[in-house]
Amino acid sequence: MRRARTTTRRVRIADALARWSITVGGVTTVACVLGVLIFLIWITLPLLWPARWGDPARFEWPGAGTTMAAIDEYRSMAVRCSSNAIFEAVHLPGGHPLGRWTIPGADRATAVRWDPHEAMAVTGMDDGSMAFHRTRFAVRWTDVTGAPPRAAALAEGGIAAIDDAIWQRLDASRFRAMRFELEMEEVLPPVHTSRVTLADFARGPDGFVYACLHAGGELEVTRVARRHNLLTGRSTLTRTPVTIRCEPRPGVGDPLFLGLSLLGDSVAVIWADGLARCYEVRGSEGRLAEERHLVEPPARVTAVTFLLGRATILVGDSFGRIRPWFRARVEAEGKAGDGWTWVSPREFVGPPFPVTALASSPRSRLFVAGFGNGEVRTWHVTSGKGLGR
């Protein structure tokens, strides 16, 4: 007679544990996949919605013309750099003044270029020298013992402008203070002694490069390298300047824009009548690579800026049109130069008023344009779609 088979208690417990582990693991895997899917939908769904514009904050900002303005990441402070090398900060949205910073020797400044994303300002002087300054939105966190009485009296989430800083109470014990800071970094003696009319700089993979145009027609492109000696503790600054002749245009005036590529190997010079010159720098030599008009008469160039990557230039004109221009290789027989030429894939048309301001995103191919009637519009360059107005 065959004996009935029995399963030991230990085997039954192991089988139950295995079944439970597989079930829990499967349910957890499905839950994780669903969670990732929900997260992706939550992230991407707003991209399908139309752009939303908040109520604008309006305030007067008197003084010299603005060359560049920036807003901090918390959108509570705005800073502008004026054409006379003066920085001013205000509290948003009301425009309460926070401070005013003047670059040393500002009375001799003839060209100013500030890039808040690179946290640096470059100033060209009347004697041809160049001054470099560090800028930043400095943020400090502290507890109630480090906060001034007015900040300590704020309710949770409250914000106030105190002296030259903006204080916010984050919770019962934490505070955040933010202020704008401007620091002198370096003053480089002139390579050419005529005044600087335009300046630009770039910090790319190959290091720091600046370009400046002098009143005498000298286009200077200088690569700067700093080496630190670990034994002596000293830093040595070396410059490698390249000078290219940029012939002046009598009766037209100084150029409106000077732009340096990210690698520092090409410089664009643009006049208000739309004429653009592209100069190339190779090693210790430079040359004129191309000259052409970017707008058709009677239109005038009224605003210019770089797009992300400094390879595409946005050009706005007096008729409310904006064109992106970049250099591309063109295969054509008898083509002069290096085979590269300026091309524009599309045109963005705004209201029939001059383009007064252009600003591009540091993270994507978006740009904002301001017009003479006070209207502001946003476009995506690659798709050509308007995102808001």
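Below or above, wherever it landed, is the structure these notes cover. (Residues numbered from 1 in each chain as written. Predicted model: local features only at pLDDT ≥ 70, side-chain atom pairs only at ≥ 80, totals over all residues. Heavy atoms only, no water.)

### Topic: the pairing of strand β18 (residues 285-293)
The test is simple: Two strands make a pair as long as DSSP finds a minimum of two bridges between them. Segments assigned H or I by DSSP are reported as helices when at least four residues long, segments assigned E as strands when at least two residues long, and all are numbered from the N terminus.
Summarising the sheet, strand β17 (residues 275-282) and β18 pair through eight bridges and their orientation is antiparallel. Residue Arg-282 lies in a different strand from β18, and its bridge partner there is Glu-285. The turn joining β17 and β18, which pair antiparallel and follow one another in sequence, is formed by two residues; a positive phi near 65 degrees is taken by Gly-283.

### Concerning the sheet that holds strand β13 (residues 218-228)
For the record, the criterion: Axis definition: a line fitted to C-alpha atoms, over the contacting stretch in the case of helices. Angles run 0 to 180 degrees between N-to-C directions.
Read across the sheet, four strands follow the order β11-β12-β13-β14 without closing on themselves; strand pairing throughout is antiparallel. Each edge of the open sheet carries a strand with a single partner, namely β11 (196-204) and β14 (235-245). Strand-to-strand twist in this sheet, taken as the mean axis angle between neighbours without regard to direction, amounts to 20 degrees. In the sheet, strand β12 (residues 207-214) pairs with β13 via six bridges, with the strands oriented antiparallel. Bridge pairing links Tyr-210 to Thr-222 in β13.

### Concerning the environment of Asp-317
Rule in force here: Partly exposed describes any residue whose relative accessible area lies between the buried limit of under 20% and the exposed limit of over 50%, with all areas from a 1.4 Å probe on protein chains only and scaled to the type maximum. The criterion used for residue contact is that any of the two residues' heavy atoms lie within 4.5 Å. Two N or O atoms form a polar contact when they lie within 3.5 Å of each other; inside protein one atom must be a possible hydrogen donor and the other a possible acceptor, and for residues adjacent in sequence the pair counts only when both atoms belong to side chains.
Secondary-structure assignment places Asp-317 in strand β20 (residues 312-317). What makes Asp-317 buried here is its relative accessible area of 3%. If we skip the residues at most four places from it in the chain, Asp-317 touches Val-295, Ala-299, Arg-300, Val-301, Thr-302, Pro-354 and Val-355. Polar side-chain contacts of Asp-317 include one of 2.9 Å to the backbone nitrogen of Phe-319. Among the polar contacts listed, one links the side chain of Asp-317 to the side chain of Arg-321, at a separation of 2.9 Å.

### Digging into the sheet that holds strand β16 (residues 266-270)
Pairing is antiparallel in the open sheet, where four strands are placed in the order β15-β16-β17-β18. One side of each edge strand has no neighbouring strand; the edge strands of this open sheet are β15 (257-260) and β18. Taking each pair of neighbouring strands and ignoring which way they run, the sheet shows an average axis angle of 15 degrees. With four bridges joining them, β15 and β16 adopt antiparallel strand pairing. Each residue of the ladder has a partner; that of Leu-258, found in β16, is Val-269.

### Focus: the packing of aromatic side chains
Stated precisely, the cut-off is as follows: Stacked, edge-to-face and tilted labels apply to pairs of Phe, Tyr and Trp rings (six-membered ring for Trp) whose centres lie within 6.5 Å, assigned for plane angles under 30 degrees, over 60, and everything in between, in that order.
This model, assessed by the stated rule, comprises 14 aromatic pairs. Consider the rings of Phe-132 and Phe-208, whose centres lie 5.6 Å apart with planes at 75 degrees: the pair is edge-to-face. Here Phe-132 is found in strand β7 (residues 130-142), whereas its partner Phe-208 is found in strand β12, with 76 residues between them in sequence. Residue Phe-132 is classed as buried on the basis of its relative accessible area, which comes to 4%. Looking at Phe-208, the relative accessible area reads 11%, which means it is buried. Relative to Trp-379, the ring of Phe-348 has its centre 5.6 Å away and its plane inclined at 50 degrees; by these criteria the two rings are tilted. Of the two residues, Phe-348 is situated in strand β23 (residues 348-349) and Trp-379 in strand β26 (residues 376-380); the sequence distance between them amounts to 31 residues.

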